[in-house]
Amino acid sequence: QSALTQPPSASGSPGQSVTISCTGTSSDVGGYNYVSWYQQHPGKAPKLMIYEVSKRPSGVPDRFSGSKSGNTASLTVSGLQAEDETDYYCASYAGSNNLVFGGGTKLTVL
Amino acid sequence: QLQLQESGPGLVKPSETLSLTCTVSGGSISSSDYYWGWIRQPPGKGLEWIGNVYYSGSTYYNPSLKSRVTISVDTSQNQFSLKLTSVTAADTAVYYCARRVFGVYYFDYWGQGALVTVSS
């Protein structure tokens, strides 16, 4: 199984929206509705932001949303805030009880 | 509040075995509702799923690491463990333990991580 493909970087100005893509194959992203997104601040553990493509855990602001089309999933952060500047990782079920992560995207708030 | 804490040697020699333990507090590892997993992150790089264990002892491993990985559970101690054999410098990483809800495929609680360096 290969890592999911994410852009290395993304950016937006405060208050704007930014979308981060996560591209896989029909064997992972495209084949299951089990895409999740994690936020990771430097030196900290990842934090679950989105699960099952578009669901938000309790406590995650509704500025964060997820979607999927074919083999590509997306995380959209609306109303960008300075605290959103950090790394984001996608993950997907890949069949046979396997899980695969993306390479990560560094989000910069300009 | 569920908490997970990794522990183990921070330095391992090449060709030896990396061993880490995750202690779970604030919840029971014997619950049938959860899997318990290990994920690692080399310095400056992305996350890599290593494998999961169920309270019964059943396991699932990343195919790329399967030949070198063993994950086990000790319900009496509320702990689960990772062993990775024949390590090289490429296995240097922060190792995280985490909880996964049974039947779904995401990790909702994570430990703080433990840096393991492979070096002579």
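Structural data are supplied above this passage.
**Student:** Would you take a moment to explain the layout of surface pockets for this structure?
**Tutor:** With a probe scaled to a water molecule rolled over the atoms, the places where space remains empty come into view. In this structure, the largest pocket encloses a volume near 280 Å³. Breaking the lining of the largest pocket down by element, the ones donating at least two residues are strand 7 (87–93) of chain A together with strand 9 (93–101) of chain B. Each residue belonging to the lining of the largest pocket can be placed in one class, and the counts come to six nonpolar, nine polar and three charged. As a volume, the second largest pocket reaches approximately 210 Å³. Lining of the second largest pocket is provided by Ala45(A), Pro46(A), Lys47(A), Leu48(A), Pro57(A), Ser58(A), Gly59(A), Val60(A), Asp108(B), Tyr109(B) and Trp110(B). Where the lining of the second largest pocket is concerned, the elements lending two or more residues are strand 4 (47–50) of chain A together with strand 10 (107–110) of chain B. At three residues, the largest contribution of residues to the lining of the second largest pocket is made by strand 10 of chain B.

**Student:** Which parts of the structure should I look at to understand the sheet that holds strand 1 (residues 3–7) of chain B?
**Tutor:** The pairing of strands in a sheet happens through backbone hydrogen bonds and is either parallel or antiparallel. Residue and element names in this part refer to chain B. Taken in spatial order, the four strands line up as 1-3-8-7 in an open sheet, and their pairing is antiparallel. Lying at the two open borders of the sheet, with one neighbouring strand each, are strand 1 and strand 7 (69–74). Recorded for the sheet is a direction-independent mean angle of 20° between the axes of neighbouring strands. Judged from the six bridges that link them, strand 7 and strand 8 (residues 79–84) form a sheet pairing that is antiparallel. Paired with Val 69 across the strands is Leu 84, a residue of strand 8.

Reading the values: the criteria
- Residues numbered from 1 in each chain as written.
- Chains lettered and ligands numbered in written order.
- Predicted model: local features only at pLDDT ≥ 70, side-chain atom pairs only at ≥ 80, totals over all residues.
- Heavy atoms only, no water.
- 1 Å grid on protein atoms, 1.4 Å probe; cavity = no way out; pocket = protein on both sides within 12 Å on 5 of 7 lines; lining within 4 Å.
- Points joined across faces, edges and corners; volume = space filled by probe spheres on them.
- Helix = DSSP H or I, 4+ residues; strand = E, 2+ residues; numbered from the N terminus.
- Nonpolar A, V, L, I, M, F, W, Y, C, P; charged D, E, K, R; others polar.
- Pairing = 2+ DSSP bridges.
- Axes fitted to C-alpha atoms, helices over the stretch in contact; angles between N-to-C directions.

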